[in-house]
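Okay, here's what each chain looks like letter by letter:
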4 protein chains.
Amino acid sequence: MKILVTAFDPFGGENINPSYEVLKNLKDNIENAEIIKIQVPTAFYLSVERAIEKIKEVKPDAVLSIGQAGGRYDISVERVAINIDDARIPDNIGQQPIDTPIDPKGAPAYFATIPIKEIVEEIRKENIPASISNTAGTYVCNHLMYGILNYVHKNSLNIKAGFIHIPYLPVQVLNKPNTPSMSLGDMVKAIEIAIKVIAKNN
Amino acid sequence: MKILVTAFDPFGGENINPSYEVLKNLKDNIENAEIIKIQVPTAFYLSVERAIEKIKEVKPDAVLSIGQAGGRYDISVERVAINIDDARIPDNIGQQPIDTPIDPKGAPAYFATIPIKEIVEEIRKENIPASISNTAGTYVCNHLMYGILNYVHKNSLNIKAGFIHIPYLPVQVLNKPNTPSMSLGDMVKAIEIAIKVIAKNN
Amino acid sequence: MKILVTAFDPFGGENINPSYEVLKNLKDNIENAEIIKIQVPTAFYLSVERAIEKIKEVKPDAVLSIGQAGGRYDISVERVAINIDDARIPDNIGQQPIDTPIDPKGAPAYFATIPIKEIVEEIRKENIPASISNTAGTYVCNHLMYGILNYVHKNSLNIKAGFIHIPYLPVQVLNKPNTPSMSLGDMVKAIEIAIKVIAKNN
Amino acid sequence: MKILVTAFDPFGGENINPSYEVLKNLKDNIENAEIIKIQVPTAFYLSVERAIEKIKEVKPDAVLSIGQAGGRYDISVERVAINIDDARIPDNIGQQPIDTPIDPKGAPAYFATIPIKEIVEEIRKENIPASISNTAGTYVCNHLMYGILNYVHKNSLNIKAGFIHIPYLPVQVLNKPNTPSMSLGDMVKAIEIAIKVIAKNN
């Protein structure tokens, strides 16, 4: 089977995006799954277009997207994506949609179709803090999660999809007092566990 | 030269103490310094007694104490120890002093004699979050820091001494939502950097 | 016009619920709106039933629900309710649904139909911290918000509905270190501002 | 009896200083104590000079200093002032001492001589969050607390002295997400309770 994993480029003044640092360090094969890796731009719509192109090309069985959630303390597996863009800062190509539906004809929300509770449980078994999150925000992360689930739904594809937010890396919080971070090693391990769970359930 | 490094046993309902996990993983020789390791009990006075016994035995050039500061976000190098015990919970042998001077004839406070600013700077150069802390609390950590500095001062010994607080390990925060942690690898690295700085300055 | 305001009874070991303390202190008439107040139980389904009974009885033009969000720093106006119950603790009548749709035939989510951005803006103009929240959680608060919006939608009623989460009161955090709170006066003022905005837009 | 209460002018980019807002709102007589109010500049040494001038002028029985501690959650009654200036930002007249003793001949630290535990207890009885703090930092607040206690000590005066840090006001955190604040009413009430305790113990 094939699992497509997406990560983002840096945004919001950061020099790195932990999701891409994790992506680069993922094994190419995890259990019985071939891992296809793609970095997408932190840009509304464009991120989804790039992901969909890749989905068409490689026909994965599942898509796992990873993104930075600066300020969060643990690996947070997103439960739901909502049909709204509301950007506090411009994306990497200067777009800043405010209170705009992602797809005016789309469902108000899509729930992740990967086994979120089992992913959290298995990550925690390896002593890495993890939890379910009930919001992926209203920026590009939520947009990408919504966009992929909406595409899969509208085309009745047999592809599981979901999103995992990860904290800052330690290097990113050197000048951000009282801000939590997580080591790259633990983040890579957590995402590989998530992929194992997705592969096993497919 | 010799550097004595002290760590504590678990307290406050925890199964592990990150300071001891770090201690076990420290190299035995760092730069030109021989590292002598000792675990002391999380107990007022007894912790200092054990440290002093060891100081008498090995005659170190410096003493670095490490302790857990649950809830802190980074490696925090303590600036000062104050002459007071004020325990929110009993120590590991049931003592709970309230507003009691550690040494009624001691100075009101002692400043660390290790180069705290340089230690913070060097740890941060390795991309590990670190800062100066202006309070080691009023529990056993402050007591030990005060006790060692007081002993060194009263006996006019040529021994540098200081204290570094470290965050929880990830495993400790699995059931503590929104609580920061740091990987063992980064904590060991940070303490070894601190030791290098102490050795270089001696 | 009439605005129905709902609040909850205490839950989760608390002796009071700030939403009810606020409710009791609201004026009976705000601008041109008559305020009808109801406390509903912190219980899945039952809370919605009680609210719907009252809606049928008083035929309000809008329904504003208030609930406690312990740990939040400001007045948070909820953007969206999602079709899921997932309870970390039992509700006040012992129910603890896990990953259960609120209405298996309902929409995956409903967006608030009150003017959330304008409410936030007007509250902030009065120097009270407020923001949009993108998750009302998966406990009784989200359930009530979803239930009312679902009822309004299914019956094509001309009723605006929304939910505002408020922080703990100071008295609730006396024994919760490093937990934010807000004064009753500011919370009452904020909710009255929200009601004014709803009344003005109706 | 007379109690001198000091507060600071705004610093660090803030337009107001909650300590001064509180000062302006204090009653002129609390129990049997006449309250003398003075605003001192947020400036090393100059703040102490101004306070000492006033002490000489009014000969108070006690001095209570109030200062802003942005980011703290509750009324925090300081236990100790340490003999060091270490400024992260310049003070209001451009001075930024780094690792400099306040008084090279002074004690390493002075403990507050007001009844800090009783003050905390009485404030909490009125349902306002309060706690002991073990660090007043190394900026002007600690400097003023140290400076006054040092002056009292060196001149063997019969004057009790101490320092209370207060959180931001709500208006100050409008653009600081996830930052705690406290209402002016609760802060004034807390300081008046502290003054009552000081008056009663004198």
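What you see is a predicted model; the values in this text were computed from it and never measured.

Definitions and cut-offs
Residues numbered from 1 in each chain as written. Chains lettered and ligands numbered in written order. Predicted model: local features only at pLDDT ≥ 70, side-chain atom pairs only at ≥ 80, totals over all residues. Heavy atoms only, no water. Phe/Tyr/Trp six-rings, centres within 6.5 Å; stacked < 30°, edge-to-face > 60°. Helix = DSSP H or I, 4+ residues; strand = E, 2+ residues; numbered from the N terminus. Buried < 20%, exposed > 50% of the residue type's maximum accessible area, 1.4 Å probe, protein only. Lys NZ or Arg CZ within 6 Å of the ring centre and 35° of its normal. UniProt positions renumbered as here; feature names shortened; annotations may be inferred. Contact = heavy atoms within 4.5 Å. Polar contact = N/O pair within 3.5 Å; in protein donor to acceptor, adjacent residues only side chain to side chain. Axes fitted to C-alpha atoms, helices over the stretch in contact; angles between N-to-C directions. Parallel < 35°, antiparallel > 145°, perpendicular 65-115°, else oblique. Left-handed = near helix turned anticlockwise from the far one by under 90°. Nonpolar A, V, L, I, M, F, W, Y, C, P; charged D, E, K, R; others polar. Least-squares fit on C-alpha atoms with pLDDT ≥ 70 in both. Salt bridge = Lys/Arg side-chain N within 4 Å of Asp/Glu carboxyl O. Pairing = 2+ DSSP bridges. Buried area = accessible area lost by both parts, 1.4 Å probe.

Chemist: Talk me through the packing of aromatic side chains; I want residue IDs and the actual numbers.
Modeler: Summed over all chains, the structure comprises 18 aromatic pairs over all chains. Aromatic pair Tyr110 of chain B and Tyr146 of chain B: ring centres 5.1 Å apart, planes at 50°, arrangement tilted. Residue Tyr110 of chain B is found in strand β7 (residues 109-111), and its partner Tyr146 of chain B is found in helix α4 (residues 140-154); the two are separated by 36 residues along the sequence. Taken individually, Tyr110 of chain B and Tyr146 of chain B each receive the classification buried, so the pair is uniform in this respect. A ring pair is formed by Phe44 of chain D and Tyr139 of chain D, whose centres lie 5.6 Å apart and whose planes are at 85°; its orientation type is edge-to-face. Of this pair, Phe44 of chain D sits in the loop between β3 (33-40) and α2 (46-58) while Tyr139 of chain D sits in the loop between β8 (130-133) and α4 (140-154), and the two are 95 residues apart along the sequence. A single burial state applies to Phe44 of chain D and to Tyr139 of chain D, both of which are buried. Feature note: the residues Phe11, Phe44 and Tyr139 of chain A constitute an aromatic cluster, connected by ring pairs. Above the ring of Tyr168 of chain B, the side-chain terminus of Lys176 of chain B is found at 4.4 Å from the ring centroid.

Chemist: How would you summarise the environment of Ile3 of chain D if you had to cite specific residues and measurements?
Modeler: Residue and element names in this part refer to chain D. With respect to the helices and strands, the residue Ile3 is situated in strand β1 (residues 2-8). Its relative accessible area of 0% is what places Ile3 among the buried residues. Taking C-alpha positions, Ile3 is 25 Å from Gly106, a pair spaced 103 residues apart along the chain.

Chemist: Give me the UniProt feature "active site" (unreviewed entry) in chain A: which residues, what numbers.
Modeler: All names here are of chain A. UniProt records the feature "active site" (unreviewed entry) at Glu78, Cys141 and His165, using the numbering of this structure. Spanning 88 residues, the annotated positions come together in the fold, the maximum distance between their C-alpha atoms being 10.2 Å. Counting through the fold element by element, Glu78 comes out in strand β5 (residues 75-78). Among all residues touching Glu78, those that are not within four sequence positions of it are Arg72, Ala112, Ile116, Ser133, Asn134, Thr135, Ala136, Met145, Phe163 and His165. Only 2.7 Å separates the side chain of Glu78 from the side chain of Arg72, close enough to count as a polar contact. Structurally, Cys141 is set in helix α4 (residues 140-154). Contacts of Cys141, omitting those with residues within four sequence positions, involve Phe8, Gly67, Gln68, Ala136, Phe163 and His165.

Chemist: Provide a residue-level description of the packing of helix α1 (residues 18-25) of chain C against helix α5 (residues 184-201) of chain C, including the pertinent values.
Modeler: Axes are the key here: two packed helices are described by the angle between their axes and the distance separating the axes. Residues and elements named next belong to chain C. Between α1 and α5, the least distance of the axes is 9 Å, while the angle of their chain directions is 70°. Here α5 runs roughly perpendicular to α1, going by the angle between their axes. The hand of the α1/α5 crossing is right-handed. Residues Pro18, Glu21, Val22 and Asn25 of α1 touch α5, and the partners they reach there are Leu184, Met187, Val188, Ile191 and Glu192. In the contact of α1 with α5, the residues fall into six nonpolar, one polar and two charged.

Chemist: So what's going on with the relation of the copies chain A and chain C? Which residues, and what values?
Modeler: Placing chain A over chain C gives an RMSD of 0.0 Å and needs a rotation angle of 180°, together with 0.0 Å of translation along the axis. The operation mapping one copy onto its partner corresponds to a two-fold rotation axis. Both copies share a contact surface, since 100% of the interface residues of chain A are interface residues in chain C too.

Chemist: Go over the relation of the copies chain C and chain D, please, and point to the residues and values.
Modeler: The operation relating the pair of chain copies consists of a rotation about an axis and a translation along that axis. Superposition record for chain C on chain D: RMSD 0.0 Å, screw rotation 180°, translation along axis 0.0 Å. When the interface residues of chain C are mapped onto chain D, 100% of them again fall at the interface, so both copies present the same face.

Chemist: How would you explain the pattern of salt bridges if you had to name every residue and give the values?
Modeler: What the rule picks out here adds up to 53 salt bridges over all chains. Asp86 of chain A is paired through a salt bridge with Arg79 of chain C; the nearest N and O atoms lie 2.5 Å apart. Taken as a pair, Asp86 of chain A in the loop between β6 (80-82) and β7 (109-111) and Arg79 of chain C in the loop between β5 (75-78) and β6 (80-82) lie in two separate chains rather than in one. The same class applies to Asp86 of chain A as to Arg79 of chain C, namely buried. With a shortest N-O distance of 2.9 Å, Asp99 of chain D and Lys117 of chain B are connected by a salt bridge. One end of the pair, Asp99 of chain D, is in the loop between β6 (80-82) and β7 (109-111); the other, Lys117 of chain B, is in helix α3 (residues 116-125), on a second chain. Its relative accessible area of 33% is what places Asp99 of chain D among the partly exposed residues. Overall, the relative accessible area of 29% leaves Lys117 of chain B in the partly exposed class. When salt bridges with common partners are traced through the structure, they connect Arg79 and Lys117 of chain A together with Asp86 and Asp99 of chain C into a single cluster.

Chemist: Can you break down the sheet that holds strand β2 (residues 29-30) of chain D residue by residue, with the values?
Modeler: Strands in a sheet are paired, the pairing made by backbone hydrogen bonds, and the direction either parallel or antiparallel. Residues and elements named next belong to chain D. Ordered by their spatial adjacency, seven strands build an open sheet running β2-β3-β1-β4-β9-β5-β8, and the pairing between neighbours is mixed. Edge strands, defined here as strands with exactly one partner in the open sheet, are β2 and β8. Sheet topology places strand β5 (residues 75-78) next to β8; four bridges connect them, and they run parallel. For Ile75, the partnering residue across the bridge sits in β8 and is Ala130. Sitting on the sheet, helix α3 (residues 116-125) touches β5, β8 and β9 (160-166), and the angle it makes with β8 is about 160°.

Chemist: Can you lay out the packing of helix α2 (residues 46-58) of chain A against α4 of chain A for me, pointing to particular residues and giving the numbers?
Modeler: Residues and elements named next belong to chain A. The contact between α2 and α4 brings their axes to 9 Å, and the two run at 40°. Here α2 and α4 pass one another in a crossing that is right-handed. Along its contact with α2, which presents Ser47, Val48, Ala51, Ile52, Ile55 and Lys56, the element α4 presents Val140, His143, Leu144, Gly147, Ile148 and Tyr151. Split into classes, the residues belonging to the contact of α2 with α4 amount to eight nonpolar, three polar and one charged.

Chemist: Tell me about the interface of chain A and chain C, residues and numbers included.
Modeler: Contacts between the two partners involve 17 residues from chain A, matched on the other side by 17 residues from chain C. Carbon and sulfur atoms make up 61% of the area that chain A and chain C hide from each other, which totals about 1300 Å². It is Arg79, Pro108 and Phe111 of chain A that lose the most area in chain A upon contact with chain C, and together they represent 33% of the buried surface on that side. For the pair chain A and chain C, the interface holds eight salt bridges. In this assembly, chain A and chain C are joined by eight residue pairs in polar contact (both at pLDDT 80 or more). Secondary structure elements with two or more residues in the side of chain A that touches chain C: β6 and β7 of chain A. Across the side of chain A that touches chain C, the residue classes break down as eight nonpolar, five polar and four charged.

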